[in-house]
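Structural features, examined
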Amino acid sequence: MIELQAVDIQAGSFRLSDVSFIIPTGEYAILMGKTGRGKTTILEAICGLREVQNGFILIDNQDVTQWSPGARHIGYVPQDLALFPTLSVRENLAFGLRLAKYSRSHTAERIEQLADLLGISALLSRRVQGLSGGESQRVALGRALAAWPKILILDEPLSALDMDTRTEMIELLRTVKKTTAVTILHVTHNPGEATQVADLRLELTAAGEIHAFRNTSQ
Amino acid sequence: MGGLSSLFVLLMVALLVADVSFSSWQSFAEALAKPEIQAACRLTMISCTLAAILSVWVATPMGYLLSRYRFPGRVAIDTLVDIPIVLPPLVLGLSLLILFHQPFWGWRLEDFLKDKLHFPVTFHWPAVVLAQFSVSCAFAIRTMRVTFDQINPRCEHVARTLGCTRGQAFMLIALPQAWRGVITAGTIAWARALGEFGPILVFAGSTRMKTEVLSTSVFLELSVGKLEAAVAVSLLMVAMAVIVLIVLRLLGTGLSP
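Bear in mind that the values here come from a model prediction, so they are computed numbers and not experimental data. (Residues numbered from 1 in each chain as written. Chains lettered and ligands numbered in written order. Predicted model: local features only at pLDDT ≥ 70, side-chain atom pairs only at ≥ 80, totals over all residues. Heavy atoms only, no water.)

Some words on the overall build of chain B
The test is simple: Helix numbers and strand numbers start at the N terminus; a helix is a DSSP run of H or I with at least 4 residues, a strand a run of E with at least 2. Each residue is assigned to one of three classes by its accessible area relative to the maximum for its type, calculated with a 1.4 Å probe on protein chains only: buried under 20%, partly exposed between the two thresholds, exposed over 50%. Any two residues whose heavy atoms approach within 4.5 Å at even a single point are treated as in contact.
Helix and strand content of chain B: 14 helices and zero strands. Helices and strands appear in chain B in the N-to-C order α-α-α-α-α-α-α-α-α-α-α-α-α-α. Principal axes of the C-alpha set define a box for chain B whose edges measure 65 × 60 × 30 Å. Buried residues in chain B amount to 43% of all 257 residues. Once local pairs closer than 6 in sequence are excluded, the contacts in chain B between residues at least 24 apart make up 74%.

Structural data, given as structure tokens:
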């Protein structure tokens, strides 16, 4: 579960005040709102990458507001993916597991499992520079999911993809939702994505308020 | 525009050709055979390399800090590190000399280093390294800052969500991407150290076989009227600079991802 209680966030001259919402455990929520309203700022605050002035951020009922990003067990896929360019696909996937000091065999087993789920088994030895948009997206998703996070945060994951790859990725996100118990928060501009994958739709208004709607088509 | 740019290249070639035609192989060999010049050559290589290593060591975290973080005093630090770039080199040497010899409530840095640590600096070889480092480090910091400015900080953000501390994100993610910049900063620092003259003369002096480096050799040879020897040493510096720069560039190409 992700819960924001009256959170104030300052990002330079931009300010978001009194942001509150709840995403129940295991649900897939979509956060929508026009560009510049602070969607990425909210994601960064949840991840611990941006300081919160007031309010509380709770994950599974635990106040994590002052926790370091790594202690929150969140898988984060930023808009530009930010794959580690000096590492191979396998090393990108193994990064979080190595930091968490999983054994080599356990790490290798988890990578194989993820590669199967995401359809990237053939890419494991490749460097990330030569990957296509869809392949990079899958690797970024795998890197975020590798260490069994409680929360998965996706910042406009489908925006730079062509129509076919986008359809494949939506299918993949549905599979991830079914096969993992992870709670997902996905930012998008596209109302179609909300109806296709989300249980919950959160709309960020111009006034900085968040309105929640349950998606009945799911 | 190409013609205008090639004028600069032509000027450099013309300068080298003039030096080579002025000098002779015999005077070059004679200059190289002098024990003083050999000692200066050794000290130049060692001091430039030490100054470059120290510069990169200091410049890498400093460049990262200035590129990534906003903190009180950042603008002041950013300006301070540029001072050696804009300051006349002679003034920097003079400032170093004053720093080491100015009494502060009866305590002097040079006396402390000499008497307590048995490590005299002024007019000894460490002064050469410190004078070179003071200038080269400023250039290395500029280079490293630009390098980190061009690296996407979001990779480090993702690394932190995966469990890295800020330090680990720097060491495991940012630094491997900055290798080309590290090599460039090292090259620039080494080249600046080789060309340094003013601060070394003031702070380390130009004692033969002790604090003489090639740039001061040129001055010493000129001051006793040995123009041919001065030109021969200059050509030796050109040769050393070209070799070191080529080696560093090759190293940089090999290490880049």
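Things to note about the interface of chain B and chain A
By a widespread convention, an interface's size corresponds to the accessible area lost as its parts come together. Quick note on the threshold: Here's the idea: put two parts together, see how much 1.4 Å probe accessible area each one loses, and the total over both is what we call buried area. The salt bridge criterion pairs a side-chain nitrogen of Lys or Arg with a carboxyl oxygen of Asp or Glu, the two atoms within 4 Å. The term polar contact refers here to a pair of N or O atoms within 3.5 Å; inside protein, the definition further demands a hydrogen-donor-capable atom paired with an acceptor-capable atom, and it admits residues adjacent in sequence only when both atoms are side-chain atoms. Gly counts as polar in this scheme, as do all residues outside two lists: the nonpolar Ala, Val, Leu, Ile, Met, Phe, Trp, Tyr, Cys and Pro, and the charged Asp, Glu, Lys and Arg.
In this complex, chain B contributes 17 residues to the contact, which on the side of chain A involves 20 residues. For chain B, the biggest contributors to the area lost against chain A are Arg-154, Thr-161 and Leu-162 of chain B; these three give 39% of the whole. Remark: the boundary between chain B and chain A carries two salt bridges. Note that Asp-80 of chain A and Arg-154 of chain B form a salt bridge whose closest N and O atoms lie 3.5 Å from each other. Where chain B packs against chain A, one counts four residue pairs in polar contact (both at pLDDT 80 or more). Per element, the largest residue contribution to the side of chain B that touches chain A is seven residues, and it comes from helix H9 (residues 154–161) of chain B. When its residues are assigned to classes, the side of chain B that touches chain A shows nine nonpolar, six polar and two charged.

Structural notes on the side chain of Arg-166 of chain A
By the element assignment, Arg-166 of chain A lies in helix H5 (residues 163–179). Setting aside its immediate chain neighbours within four residues, Arg-166 of chain A contacts Leu-158, Ser-159, Leu-161, Asn-190 and Glu-193 of chain A.

Side note on the packing of helix H6 (residues 89–101) of chain B against helix H7 (residues 109–116) of chain B
Residues and elements named next belong to chain B. We apply this condition: The axes are straight lines fitted to the C-alpha atoms, using for helices just the contacting stretch, and the angles between their N-to-C directions are given from 0 to 180°.
Two elements in contact, H6 and H7, have axes separated by 5 Å at closest approach and are oriented at 65°. Residues Leu-99, Phe-100 and His-101 of H6 pack against Leu-109, Glu-110 and Leu-113 of H7. The residue makeup of the contact of H6 with H7, split by class, is four nonpolar, one polar and one charged.

Side note on the sheet that holds strand E1 (residues 2–11) of chain A
All names here are of chain A. The criterion, for reference: Only when DSSP finds a minimum of two bridges between them are two strands counted as paired.
If you walk across this open sheet you meet the four strands as E2-E1-E4-E5, and the pairing is antiparallel. Sheet topology places strand E2 (14–23) and strand E5 (62–63) at the edges, where each strand pairs with a single neighbour. Sheet analysis places strand E4 (residues 52–59) next to E5, joined by two bridges and oriented antiparallel. The partner of Ile-59 across the bridge, within E5, is Gln-62. Along the sheet, helix H1 (residues 39–47) makes contact with E1, E2 and E4, crossing E1 at roughly 115°.

A closer look at the domain arrangement of chain A
All names here are of chain A. Heads up, the rule is: An automatic or database domain assignment provides the domain bounds reported here.
Here chain A is described as being made up of domain 1 (1–73 + 149–218) and domain 2 (84–147). For domain 1 and domain 2, the distance between their C-alpha centroids amounts to 23 Å. Taken together, the 14 residues of domain 1 in the interface contact ten residues of domain 2. Buried area between domain 1 and domain 2, summed over both chains or domains, comes out near 1000 Å², and the portion from carbon and sulfur atoms is 76%.

Details of the packing of aromatic side chains
Residues and elements named next belong to chain B. Just so we agree on the cut-off: In summary, the pairing rule links any two rings of Phe, Tyr or Trp, Trp by its six-membered ring, whose centres are within 6.5 Å, and it sorts them by plane angle into stacked for under 30 degrees, edge-to-face for over 60 and tilted for everything else.
Going through the model one piece at a time under the given rule, you end up with eleven aromatic pairs over all chains. With a centroid separation of 6.2 Å and an interplanar angle of 75°, the aromatic rings of Tyr-64 and Tyr-69 are classed as edge-to-face. By relative accessible area, which is 8% here, Tyr-64 ends up buried. You can call Tyr-69 partly exposed: its relative accessible area is 25%. Considering the side-chain rings of Tyr-64 and Phe-148, the 5.1 Å spacing of their centres and the 80° angle between planes classify their relative orientation as edge-to-face.

Quick word on unusual backbone geometry
You will see that Asp-18 of chain A, though not glycine, has its phi angle at about 55°, which is positive. Looking at where Asp-18 of chain A falls in the secondary structure, it is placed in strand E2.

Points about the environment of Arg-174 of chain A
Residue and element names in this part refer to chain A. Looking at where Arg-174 falls in the secondary structure, it is placed in helix H5. For the pair Arg-174 and Tyr-28, spaced 146 residues apart in the sequence, the C-alpha separation amounts to 9.3 Å. The contact partners of Arg-174, leaving out residues within four places of it in the chain, are Gln-196 and Val-197.

A closer look at H6 of chain B
Residue and element names in this part refer to chain B. Put simply, the test is: For a helix, the expected span equals 1.5 Å multiplied by the number of residues minus one. Summarising the geometry, the arc corresponds to the directions from the helix axis toward the C-beta atoms.
Across its 13 residues, H6 extends 19 Å between first and last C-alpha, which sits within 8% of the 18 Å expected from 1.5 Å per residue. For H6, the complete set of buried residues consists of Leu-92, Gly-93, Leu-96 and Phe-100. All buried residues of H6 fall inside an arc of 100° around its axis, so they share one side. Looking at the buried residues of H6, the elements they touch are H7, helix H8 (125–149) and helix H12 (198–203).

Things to note about the pattern of salt bridges
Side chains that differ in sign of charge can pair as their charged atoms come close. Residues and elements named next belong to chain B. A full pass over the atoms with the stated rule returns 20 salt bridges over all chains. Among the salt bridges present, the one from Arg-145 reaches Asp-149, with a minimum N-O distance of 3.7 Å. Taken together, the residues Arg-145 and Asp-149, both in helix H8 and four residues apart, mark about one turn of the helix. Its relative accessible area of 16% is what places Arg-145 among the buried residues. Classification of Asp-149 by relative accessible area gives partly exposed; the value is 43%. Salt-bridge contacts for Glu-212 lead to Arg-208; the nearest nitrogen and oxygen are separated by 2.8 Å. Taking the relative accessible area as the measure of exposure, Glu-212 reaches 2% and is therefore buried. Residue classification places Arg-208 among the partly exposed residues on the basis of a relative accessible area of 32%. Each of Asp-78, Asp-82, Arg-142, Arg-145 and Asp-149 takes part in salt bridges that share partners, so that together they form one network.

Here's the deal with helix H10 (residues 166–177) of chain B
Under the 1.5 Å per step criterion, the end-to-end length of H10 of chain B is 16 Å for twelve residues, consistent within 8% with the ideal 16 Å. When H10 of chain B is considered as a whole, its buried residues turn out to be Ala-169, Phe-170, Ile-173, Ala-174 and Gln-177 of chain B. Angularly, the buried residues of H10 of chain B cover 125° about the axis, an arc narrow enough to put them on a single face. Here the buried face of H10 of chain B lies against helix H2 (89–99) of chain A together with helix H3 (35–68), H8, H9 and helix H11 (179–195) of chain B.

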